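# Architecture and fold: a report
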Amino acid sequence: MPGERKVKRNLYGRCAADTVERVTVAARAKGLTKTYGSGDAVVTALDGVDFDIVQGEFTAIMGPSGSGKSTLMHLMAALDTPTSGEVWLGDTAVGSLADTPLTKLRRERVGFVFQAFNLVPTLTARENIVLPLSIAGKPVDEEWFDRIVDVLGLRDRLTHKPSELSGGQQQRVACARALMNRPDIVFGDEPTGNLDSTSAAEVLTFLRRSVNEFNQTVVMLTHDAHAASYADRTVFLSDGRIVDELRNPSHSDLLRAMARLYPSPFTPQGPEADGIYRDGGSIPERRDDWLDDVETTAERSIARRALLD
Ligand SMILES: Nc1ncnc2c1ncn2[C@@H]1O[C@H](COP(=O)(O)OP(=O)(O)OP(=O)(O)O)[C@@H](O)[C@H]1O
Ligand SMILES: [Mg+2]
């Protein structure tokens, strides 16, 4: 069972001496496997993953399209059930819960931000932000609401409907909604995937501030090294397995790791890559040639379960 544990960390991956510190595990995956289909058509989306999410940290999960990022998030957020393995949210073994306590756990202990903002079009920004509380029949903590709205700069947009808001403003509303019930963990599945770079920076800055100022635990899936550079820790997935992890990497550390872990005809390798990355100035802003932004029907139905169940 998770709880407090001691970890040996090589901070920034650069310190000569390891440091030992005490962390609280917000969620844990043990031997997590998810397969789809059967026989010859079987797809192993996740392959025996062991993974701890540390409380009060901003964790990024990176990997090419199809590497299992969303599958891992859906299992850890209790939106889907594993083929084998176990998930704990805090000390709760998620697999042992019946439907009703599971829905309650999702509603009360997990917040979600998706790539498509998934706001209810007929509701105002304020109504969307407090929607999880309205559904649960709970009162709004107005002080907390004010704090979130002010940090997100949404004060003068609260009476607007989503169609009257920019993409960045809509995603900030979705962030506010995710934090409104003070969840143990906020999960973001490509939360900046549909945003221009300025709006993306606003959302990433907010997620970072929510960790620094509210001690929020945040897990973000992303293709984008720039987005991941806001996180404390980045975990790399490939073919349903965790293949590497970096603490406090810079943007260029992340690009280097991606070039090493995900070779592709478009990603410079070997001496060529070394030249590019040593040179610093010629590091490309994005290296997401495997980006696939298409949201599937399955993803929409997961979002519906996460937000409206
Ligand atoms: N409902 C499903 N039925 C069958 N296969 C699925 C299903 N959901 C996911 N998969 C498969 O599992 C693998 C992992 O998918 P997943 O959605 O977790 O990847 P991802 O890393 O989130 O990719 P992306 O970056 O494109 O969102 C893929 O091969 C995908 O095709
Ligand atoms: Mg995905």
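Position numbers for residues count from 1 along each chain, tracking the sequence in the order it is written. Naming scheme: in the order in which they are written, chains are lettered from A and ligands are numbered from 1. Per-residue local features are limited, in this predicted model, to residues with pLDDT of at least 70; the limit for side-chain atom pairs, both in listing and counting, is 80 or more; totals at the level of whole chains, interfaces and linings are taken over all residues.

## Examining the overall build of the protein chain
Where we set the bar: In this text, helices come from DSSP runs of H or I with a minimum length of four residues, and strands from runs of E with a minimum of two, each type numbered from the N-terminal end. Labels follow a simple rule on C-beta atoms placed from the backbone: if 20 or more others lie within 10 Å of a residue's own, it is buried; if 12 or fewer, it is exposed; otherwise it is partly exposed. C-beta atoms are placed from the backbone for every residue, and two residues are taken to be in contact when these atoms lie within 7 Å.
Counting its secondary structure elements, the protein chain contains 11 helices and 11 strands. By residue count, 39% of the 309 residues in the protein chain fall in the buried class. A fraction of 68% describes how many contacts in the protein chain between residues 6 or more apart in sequence connect residues 24 or more apart.

## Quick notes on the site of ligand 1
Inclusion rule: Here, nearness means that the C-beta atom of a residue, built from backbone geometry, sits within 6 Å of the molecule or strand in question. Any residue outside Ala, Val, Leu, Ile, Met, Phe, Trp, Tyr, Cys, Pro, Asp, Glu, Lys and Arg is labelled polar, Gly included; the first ten of those are nonpolar and the last four are charged.
In the vicinity of ligand 1 lie 13 residues, with Tyr-36, Ala-45, Ser-65, Ser-70 and Thr-71 positioned nearest. Among the elements of the structure, strand E3 (43-54) and helix H1 (69-76) are those that each provide at least two residues to the shell around ligand 1. Per element, the largest residue contribution to the shell around ligand 1 is 3 residues, and it comes from H1. Tallied by class, the residues present in the shell around ligand 1 amount to 4 nonpolar, 7 polar and 2 charged.

## Some thoughts on the sheet that holds strand E4 (residues 58-62)
As a reminder of what qualifies: Any two strands are treated as partners once DSSP identifies two or more bridges connecting them. Note on geometry: axes are lines fitted to C-alpha atoms, helical ones only across the stretch in contact, with angles between N-to-C directions running from 0 to 180 degrees.
Pairing is mixed across the open sheet formed by 6 strands, whose spatial order is E7-E8-E9-E4-E10-E11. Across the chains shown, the open sheet's two edge strands, defined by having one partner strand only, are strand E7 (110-114) and strand E11 (241-247). Ignoring strand direction, the axes of neighbouring strands in this sheet form an average angle of 20°. With 5 bridges joining them, strand E8 (residues 185-189) and strand E9 (residues 217-222) adopt parallel strand pairing. Looking across to E9, one finds that Gly-188 is bridged to Met-220. Its contacts with the sheet put helix H7 (residues 197-214) on E4, E8 and E9, and the angle it makes with E9 is roughly 155°. Here helix H9 (residues 251-261) sits on the sheet in contact with strand E10 (233-238) and E11, set at roughly 160° to E11.

## Notes on the confidence of the model for the protein chain
In plain terms, the rule: Here pLDDT means the predictor's own confidence in every residue, given as a number from 0 to 100.
When pLDDT is averaged across the protein chain, the result is 83; 79% of the residues are at 70 or more. Scored below 50 in pLDDT, residues 7-18 shows 16 contacts in the model against residues more than four places distant or in partner chains. Note on residues 271-295: pLDDT is under 50 here. Beyond four places in sequence and across chains, it has 32 contacts.

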